[in-house]
Each structure stands twice: as structure tokens, then as C-alpha cells.
Amino acid sequence: MLMTLTMMASCFSDDTELGSGEVSKINIKDFALSYDCTAFVHEHLQISPTIESKYDSESLKYSWMLLAKNTGSITEDGDTIQPIIIGKERELDYDVAVAPGQYQLRLIVEAPDGCGKIQHATLSVKTSFSQGFYILKETADGNTELDMVSLDGKMANDLYTNLKGAPLGGAPLAMNITYGSYYINEETDKIETDNFLNIFTKSGQMDISRSSDLKTVFDRSNILFDAMDADEMPYNIICTNGISANNILISSAGLRVIKSSISSYGASPISGHYGLPKAEESGSRWIIADPMGYGSGAYWGEKDKTLYVFNHSNKVSKLAKSGSTELTANLQGFECLHVGYNYMSKTATGTFILEDTKNAQRYLYVLSMKGLSGVSLSKRLEIPSGSHFAKATAYTTNGKTGRYVFGVENNKLWAVNFNADPLVDIEIPLQGIGEGETITLVTDQFMRHFEEDDFDNLIIGTQKGDEYTLYFYEISSATGGVPEAMPVRIIKGKGKVHSLRYLATNFTSYYWRYRYHSFPWTD
């Protein structure tokens, strides 16, 4: 295309003149100097230019194209980067789906004799990635994709494919958001901060992208100062939120810790890379942090089948029962099914659901989280084997408005009060779910202390064929922490839904410093 344009330069002109002679009587009107669009939310760039020509209108050919800064340059493989062809008709109707940035938009009108006219404009493409719900999903071939719903309800689909060329390899494992994190911007060669979207897959892939444009900042090739060992499995990244506002990368090698930029207690800017593990006890994706406890937390060690706790200095030890030094059960042969965190009436509680795979018996571990005093096991409750809760396929813990753990069984929602002994499951009626849909996900997602987007939703995810639906039910202390009758929002998309997180651009270090429980890390 570039060679063709060059060869045609003797006949094409932006002002219909070349030298002193007129070469074409084609004029293009109703074509602005610049356009602005939002990508990946099905916003259409529509232009209807007026063409004045001495030629028969039916004989004219049209070509709309986008040229980026690197158009015409040579790749490492020796290929020339071509313009993006977006239309072949006089009127343009383009569903904008290109990476954010500045482009030159060109309309080429060609006459039968080879002469014609080129008209160009500046196209500024932005995204709506900085605020809204991110939806982690599995593709039909078992890889990881991402949808996003902005605050105004616009939906962007398959962001990995559209922005990065292909889904992330492997089925989804975990997704989290860390705010105000450090990285070195390769474009400016300076240390900067951005909000990060952290995604991990079951095949060991990880992708850490900045929310401003979803450009990958870190992956397993550069997240460490040294290369990540081939057999190391990265699981999750969370912010401990407390006194030191650390970001924790948890993997099969243990806990790696760096300071987040949102901690303003004299911290110096850093590269964002993680070093050697601060604690080498093996991890998993099942991890919680206590925002009210100065950064302490707990996690499940998948390799050695142990529940670990860490304090505000990230020192790791085995979970101990209050007044004892050892767990009351041998956890070899156990698997973790859920981890959750609840904060009500100035009391912080962690919840783990573990299953003994030898007999399918499940247990609810209730953790007492007491700030600088640390984390300890409050009680271990046997989940009655004949109960609906014992057979649930998905769990979530209410974060702020009720002392409940929810579970999905037989396409119904059940709840238990984690303070009760024995545990008794209660059916929670759900309305508005479509016929033939199977419930596969339940999660309490909330954002607190912001006027614009203060919400608390119990979200039910369903599947029907290759389509997912998310039902958002309001929950509050007034409803006892259970969902109100009808969903307040419904979102649909393609793929198998796995997880979702809400990103807020107005989250600041103030909320870290005063240790508010503003949003969840767990499903």
C-alpha cells in the first residue's frame, strides 16, 4: 500500500495542484480537521463527506485508512508496518477498535484515470479503561480474556485480543487491582505511577497492565530483577494496605514484597521490580490482607498444605489457634476452596473453606485478625456433610454488611453465619435470573467512601452456552447483608465468567493511610 501511494504521488495532491498544472477536479468537503473517539466500546466513527468531481460518481474508488507513528517502519522480522484499512465506501462507519493514541485518518478518492485526491485529519483515540468493572473470563479454547464495563454502561469486549493480538495463555486463575504502583515508563525512561490490573493464569502466565491504556508493564519475564525460574508459579498480587502499604507478589516460591507508591511515609520511588522472596513458604492464589490490621494477613500454602499468617512486617508463620501453637488438624490431603474477609463493628474476620479430599468433608476456618496483635485461628467449624453449603460449587464472604459466607448449590444461593456453631445453611431467594442459566459465580464487590461510586453488590454470575450474565444485587446493613429482591444491573458477554473487580480512578492514598476497607481482594 505504501509503495502504491508513493507511485501515485505524481497524480495525487492534497490541494489538487502539482507544479503549475491542475491534475484533478476532485474536491472533498464536510471532512473535519480532527476527530475524537473512544475505542472498544462500540463507538462508531461516522463520516459522510461530500465529493465534488468531474468524474462519474459511480466510477470513483474510496479507501479510508489509519496511519500510526510507526506506519512504514520495519519490524524486527523485516516486515513493513502497513496502514490500517477501515473502509472502502464513500461514507465511513467504523467501529473504533485500535490502541489509544494519535492517528492520521486518510480518505483517498481515486478516479478511473489514476488521478485523485487525498484528504487527511487527526484522529485521537482514547479508552474508558480507567474506571469501571473488569470481567475476567475463559475463552472457548481455554485461554484468558477480559471484558470491561465503564461507568456509563459502555462495554468493551475481548481486550486482550483487540489490544494485544491474542488472549493470555491458559485458563484464568486470579485478578486484582493495585493502586498507585511504581514502574519505569519505557517511553519517558522515568519512574511513574499508575493503577495496575494484575491477571494470572493456570498455565503460569501473568500480565500486569497499567489502567490508563492497558499496556503491559510487567510479566513473568521482567517482574523480578533476575529471570523468574521456569518452574515458579505466580499466583496473585495484592496490596496489604496498612502501615507500610506494600504490594505482595505471592507465588510457589513464597512472598515477595515491595513498597507501593501510595504510601507517602518518606518512601523513595522504585522500579516496581520484586526481589528475592521475603518469606519462602509456598503460596497460592488464596490470600487475604487485613486493611485494619496494619498490613497483616493470611494465605493457603498449596505445596505444603498449610495455613500461613503474616504480620505487619510480613513475617510469616503457621496459623496457630488462640492459646496454642499448632493447628488442631493435619491438613495434608486438604484443598482450599475459598478465602474471604469481613469487617463489621470494628471486628476483622478472615474465612477459609478447606476440604479433606479423602472423605469430601469441608471445614470453615474462622480467623481473628487483631491488628498489631496478629492473626490467629478463632475456630474451626465442620460444615454438615448433608447440607447444601457443604456441596456448594462457589463461595464468597460478605465483606461489610453481614456476617455471612454465601455458597451456590443446585442453582440456588445459600448462606451461613460464620459466628454460629453449628453452621446452619439458609436459602437466599434470587429473582430476575433468566431461564436455563446455571449459576457459576457469587462475589461481594464493593467500593466505599466515594460519593460518585459508593456501592455494595452481591454479584451472581451465570452461564448459558457460551454466554455469561452478571446480576448485580444491592446489599446493605439495612437488608441484613443479603441481596434485595431484583438486580439493579445486568451485564452480558461471551465466554465463561471467572472473576470481576472494580477500578476507581479517585482512590487516593488517604484511604490507605487511614486503613479503610474500601474494596475486596477476594471473590
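Focus on the environment of Ala279
Working step 1: By the element assignment, Ala279 lies in the loop between strand E22 (254-259) and strand E23 (287-289).
Working step 2: Setting aside residues no more than four positions away along its own chain, Ala279 makes contact with Ala253, Gly254, Leu255 and Val316.

Notes on the layout of surface pockets
Over the atoms, a rolling probe the size of a water molecule traces out where space has been left empty.
Working step 1: Taken as a whole, the largest pocket encloses approximately 810 Å³ of empty space.
Working step 2: Along the wall of the largest pocket there are 36 residues; nearest its centre are Leu173, Arg285, Trp286, Leu337 and His498.
Working step 3: Sorting the residues of the lining of the largest pocket by element identifies strand E16 (172-185), strand E20 (234-239), strand E27 (334-344), strand E31 (394-397), strand E35 (438-447) and strand E39 (496-503) as the ones contributing at least two each.
Working step 4: Of the residues that constitute the lining of the largest pocket, the class distribution is 18 nonpolar, 9 polar and 9 charged.
Working step 5: One number sums up the size of the second largest pocket: a volume of about 340 Å³.
Working step 6: Taken together, 15 residues form the lining of the second largest pocket, with Ala99, Pro100, Gly101, Glu187 and Asp213 sitting closest to its centre.

Brief notes about the sheet that holds E20
Working step 1: Reading across the sheet, the 3 strands line up as E20-E21-E22 and stay open at both edges, with antiparallel pairing between neighbours. Both edges of this open sheet fall to E20 and E22, since each of them pairs with a single strand only. Strand-to-strand twist in this sheet, taken as the mean axis angle between neighbours without regard to direction, amounts to 20°.
Working step 2: Pairing of E20 with strand E21 (residues 246-251) involves 5 bridges; the strand directions are antiparallel. Bridging across to E21, Cys239 finds its partner in Asn247.

Looking at the environment of Gln463
Working step 1: Following the sequence through the fold, Gln463 ends up in strand E36 (residues 455-464).
Working step 2: Between the C-alpha atom of Gln463 and that of Lys492, which follows or precedes it by 29 residues, the distance is 9.8 Å.
Working step 3: Dropping the residues within four chain positions of it, Gln463 is found in contact with Gly436, Glu437, Thr438, Thr440, Tyr468, Gly495, Lys496 and Val497.
Working step 4: Polar side-chain contacts of Gln463 include one of 3.2 Å to the backbone oxygen of Gly495.

What to know about the pairing of E39
Working step 1: Counting buried positions along E39 yields 6 of 8 residues, so the element is predominantly enclosed.
Working step 2: Here strand E13 (residues 132-138) runs beside E39; their pairing, made up of 7 bridges, is antiparallel. Note that in E39 the partner of Ile135 across the bridge is Leu500.

Brief notes about the packing of aromatic side chains
Working step 1: Scanning the model with the defined rule gives 15 aromatic pairs in all.
Working step 2: A ring pair is formed by Phe133 and Phe472, whose centres lie 5.1 Å apart and whose planes are at 70°; its orientation type is edge-to-face. With Phe133 in strand E13 and Phe472 in strand E37 (residues 467-474), this residue pair connects regions lying 339 residues apart in the sequence.
Working step 3: On the numbers, 6.2 Å between centres and 70° between planes, the contact of Phe196 with Phe218 is edge-to-face. Here Phe196, found in strand E17 (residues 190-201), pairs with Phe218, found in strand E19 (residues 216-219); they are 22 residues apart in sequence, far enough to count as distant.

Describing the pairing of E35
Working step 1: With 8 of its 10 residues buried, E35 lies for the most part within the structure.
Working step 2: Strand direction decides the pairing type here: E35 and E36, joined by 9 bridges, are antiparallel. Among the inter-strand pairings, Asp444 is bridged to a residue of E36, identified as Leu458.

Structural notes on empty space enclosed by the protein
Working step 1: Enumeration over the complete set of coordinates arrives at 5 cavities of 30 Å³ or more.
Working step 2: What the largest cavity holds in volume is close to 100 Å³.
Working step 3: If you trace the largest cavity, you find 13 residues lining it, with Tyr341, His517, Pro520, Trp521 and Thr522 closest to the centre.
Working step 4: For the lining of the largest cavity, the secondary-structure elements that each account for two or more residues are E31 and E35.
Working step 5: Per-element tally for the lining of the largest cavity: the top contributor is E35, with 3 residues.
Working step 6: The computed volume of the second largest cavity comes to approximately 70 Å³.

Structural notes on the confidence of the model for the protein chain
Working step 1: For the protein chain, the mean per-residue pLDDT works out to 87, and 89% of the residues sit at or above 70.
Working step 2: Least confident of the elements in the protein chain is strand E2 (residues 17-18), whose mean pLDDT is 36; most confident is strand E32 (residues 404-409), at 98.

Conventions we followed
Residues numbered from 1 in each chain as written. Predicted model: local features only at pLDDT ≥ 70, side-chain atom pairs only at ≥ 80, totals over all residues. Heavy atoms only, no water. Helix = DSSP H or I, 4+ residues; strand = E, 2+ residues; numbered from the N terminus. Contact = heavy atoms within 4.5 Å. 1 Å grid on protein atoms, 1.4 Å probe; cavity = no way out; pocket = protein on both sides within 12 Å on 5 of 7 lines; lining within 4 Å. Points joined across faces, edges and corners; volume = space filled by probe spheres on them. Nonpolar A, V, L, I, M, F, W, Y, C, P; charged D, E, K, R; others polar. Pairing = 2+ DSSP bridges. Axes fitted to C-alpha atoms, helices over the stretch in contact; angles between N-to-C directions. Polar contact = N/O pair within 3.5 Å; in protein donor to acceptor, adjacent residues only side chain to side chain. Buried < 20%, exposed > 50% of the residue type's maximum accessible area, 1.4 Å probe, protein only. Phe/Tyr/Trp six-rings, centres within 6.5 Å; stacked < 30°, edge-to-face > 60°. pLDDT = per-residue confidence, 0-100.

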